[in-house]
Amino acid sequence: MNLNLKDKKVFISGSTKGIGFETARLFLEEGAKVIINGRTNKSVQDALSLLNNDNVSGLVADFIDDHQVKNLIDSIPNDIDILVNNVGIFQGKDFNDETVEDWNDHFKVNLMSGVQLSKHFLPKMIKRDWGRIIFISSECATLVPSDLLSYSVSKASINVFSSGLAKLTKGTNVTVNTIVPGSTLSEGSKKFLEETALRENKTKDQVEKKFFNDVRDSSLISRFLTVTEVANTILYFSSPLASGTNGASVRVDGGSMGSII
Ligand SMILES: NC(=O)c1ccc[n+]([C@@H]2O[C@H](COP(=O)([O-])OP(=O)(O)OC[C@H]3O[C@@H](n4cnc5c(N)ncnc54)[C@H](OP(=O)(O)O)[C@@H]3O)[C@@H](O)[C@H]2O)c1
């Protein structure tokens, strides 16, 4: 299938690793021009070296820092066709241990990054009558694990915001959609498997099996999704082929959320 992404200009927040990095790699394979982002010059340079493609460049900015966000937005070309609001942080913590700062950080990085970027780029996309804004939420938006409250609430707010933002595109060829991944084998999850395996003297396979038996027992595929499975979905809904989908939340959750739509 030709996704018709050649020469499309793409910005992906938080894309030196994990789902964002894989999304950048797949966009480059399709001939798109991609700008990646991470917090440090080293992480951005390392990712650019791995991607090793003339069509990719990088911008350093930490979404916790308003000043850096403003500079980032000023540095991204105004004619971006596809904005992927991927950046996200999470921290497993009991509600009683979570601080107000933890809550603020989750909202700043997970929600406000996309709010600020969309505020800048949506009017420009509407003026050119083409564009795609993709948000990355999480199965936690509806599963709401009790040790991931600030994360889950910030992710649910993304679905709400994205749905409302899509209404501003009425009558245009711009779409706004949210991809909702399940537990995915990004760097963070790999580290969790390795550390737990070491601590409990088990293999990584045993730890994964236990996680899907005890913690994410609603998952139908009963394994971590690969970053490629999630990124493939992001690419399709970013493409001109997905012109009929707008204002949607699209699950790539391996069935964990269980809802009929
Ligand atoms: N992995 C999962 O199981 C899973 C499940 C559902 C949803 N998601 C969502 O999918 C998205 C990607 O997750 P992931 O697991 O692929 O992430 P990841 O592997 O942890 O990578 C996070 C990326 O975001 C960047 N980043 C982190 N904090 C940042 C900040 N304050 N400012 C700018 N960049 C920042 C990191 O770059 P540097 O380190 O270079 O700064 C890195 O490139 C997130 O929104 C996450 O909530 C993930």
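Residues numbered from 1 in each chain as written. Predicted model: local features only at pLDDT ≥ 70, side-chain atom pairs only at ≥ 80, totals over all residues. Heavy atoms only, no water.

**Comments concerning the domain arrangement of the chain**
- When its domains are assigned, the chain resolves into domain 1 (9-184 + 226-252) and domain 2 (185-224).
- The centre of domain 1, based on its C-alpha atoms, is set 25 Å off from the matching centre of domain 2.
- Counting residues at the interface gives 11 residues for domain 1 and 10 residues for domain 2.
- Buried area between domain 1 and domain 2, summed over both chains or domains, comes out near 760 Å², and the portion from carbon and sulfur atoms is 48%.
- Seen at the junction of domain 1 and domain 2, the total is 2 salt bridges.
- With a shortest N-O distance of 2.9 Å, E229 and R223 are connected by a salt bridge.
- Applying the counting rule to domain 1 against domain 2 returns 5 residue pairs in polar contact (both at pLDDT 80 or more).
- Contributions of two or more residues to the side of domain 1 that touches domain 2 are made by α5 (140-143) and α9 (227-238).
- Of the residues assigned to the side of domain 1 that touches domain 2, the class counts are 4 nonpolar, 4 polar and 3 charged. (Domains from an automatic or database assignment. Contact = heavy atoms within 4.5 Å. Buried area = accessible area lost by both parts, 1.4 Å probe. Salt bridge = Lys/Arg side-chain N within 4 Å of Asp/Glu carboxyl O. Polar contact = N/O pair within 3.5 Å; in protein donor to acceptor, adjacent residues only side chain to side chain. Helix = DSSP H or I, 4+ residues; strand = E, 2+ residues; numbered from the N terminus. Nonpolar A, V, L, I, M, F, W, Y, C, P; charged D, E, K, R; others polar.)

**So, the packing of helix α3 (residues 66-75) against helix α4 (residues 100-128)**
- For the pair α3 and α4, the least separation of the axes is 11 Å and the interaxial angle reads 35°. Remark: the crossing between α3 and α4 carries right-handed chirality. Contact residues: α3 offers D66, V69 and I73, while α4 offers K108, Q116, L117 and H120.
- Grouping the constituent residues of the contact of α3 with α4 by class yields 3 nonpolar, 2 polar and 2 charged. (Axes fitted to C-alpha atoms, helices over the stretch in contact; angles between N-to-C directions. Left-handed = near helix turned anticlockwise from the far one by under 90°.)

**With respect to empty space enclosed by the protein**
- On inspection of all chains with the given rule, the structure shows 1 cavity of 30 Å³ or more.
- Its volume calculated, the largest cavity comes out at about 30 Å³.
- The residue inventory of the lining of the largest cavity, partitioned by class, reads 3 nonpolar, 5 polar and 4 charged.
- When residues are assigned to domains, the lining of the largest cavity turns out to be shared by domain 1 (9-184 + 226-252) and domain 2 (185-224), each giving three or more. (1 Å grid on protein atoms, 1.4 Å probe; cavity = no way out; pocket = protein on both sides within 12 Å on 5 of 7 lines; lining within 4 Å. Points joined across faces, edges and corners; volume = space filled by probe spheres on them.)

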